[in-house]
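Here is what each chain is made of, one letter per residue.
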Amino acid sequence: MQGFFDYIKKLAVKMVIDALYANSDALAKKIADKADIPLLSEKQEKELAAKFIDGVAELIEDLFEEKPKKNG
């Protein structure tokens, strides 16, 4: 049963990561529309938001990657 739950978790994480990458432009636009950073233009805000989204996706990948189990 644990194997089934591990599979579901892996599938869910992959779906979230894929959704972040697939919708990166739309999500970056939403973030840029809400953020008002005085020294950045709208285009720069969108680029920063896109980098943030990519960073979040990579962070999720790193958090849920397969790691060898520690003994003891």
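Think of each chain on its own: its residues are numbered from 1, step by step along the sequence as written. Confidence filtering applies because this is a predicted model: local features only for residues at pLDDT of at least 70, side-chain atom pairs given and counted only at 80 or more, and all residues used for totals across whole chains, interfaces and linings. Hydrogens and waters are ignored; side-chain quantities use all the structure's heavy atoms.

1. As for the side chain of serine 24
Here's step 1: Numbered from the N terminus, helices here are DSSP runs of H or I no shorter than four residues, and strands are runs of E no shorter than two. Among the secondary structure elements, serine 24 is positioned in helix α2 (residues 24–34).
Here's step 2: Among residues more than four places away in sequence, those in contact with serine 24 are Ala50, Ile53 and Asp54. Contact between two residues is taken to exist if any of their heavy atoms lie within 4.5 Å; hydrogens are not considered.

2. Considering a nonpolar patch on the surface
Here's step 1: Like-charged residues within 9 Å of one another, or nonpolar side chains (Val, Leu, Ile, Met, Phe, Trp, Tyr) within 5 Å, are grouped into patches, provided each residue has over 30% relative accessible area and no salt bridge. Reported accessibility uses the Shrake-Rupley method at a 1.4 Å probe radius. Residues are deemed covered only where the shown protein chains occlude them. Salt bridge criterion: a side-chain nitrogen from Lys or Arg within 4 Å of a carboxyl oxygen from Asp or Glu. On the surface, Met1, Phe4, Phe5, Tyr7, Ile8, Leu11 and Met15 cluster together into a nonpolar patch covering about 790 Å² of accessible area.
Here's step 2: Tracing the chain through its elements places phenylalanine 4 in helix α1 (residues 2–22).
Here's step 3: Throughout this description, buried means an accessible area under 20% of the type-specific maximum (1.4 Å probe, protein chains only), exposed means over 50%, and partly exposed covers the range between. A relative accessible area of 48% places phenylalanine 4 in the partly exposed class.

3. Side note on α1
Here's step 1: Spanning 21 residues, α1 covers 30 Å between terminal C-alpha atoms, matching the ideal 30 Å at 1.5 Å per step.
Here's step 2: Considered for burial, the residues of α1 that qualify are Val13, Ile17 and Leu20. With its buried residues spanning 60° around the axis, α1 presents them on a single face. Those residues of α1 that are exposed and aimed more than 90 degrees away from the buried face are Tyr7, Met15 and Ala22.
Here's step 3: The inward-facing, buried residues of α1 abut α2 and α3 (42–64). Any helix carries an expected span of 1.5 Å times its number of residues minus one. Comment: arc refers to directions from the helix axis out to C-beta atoms.

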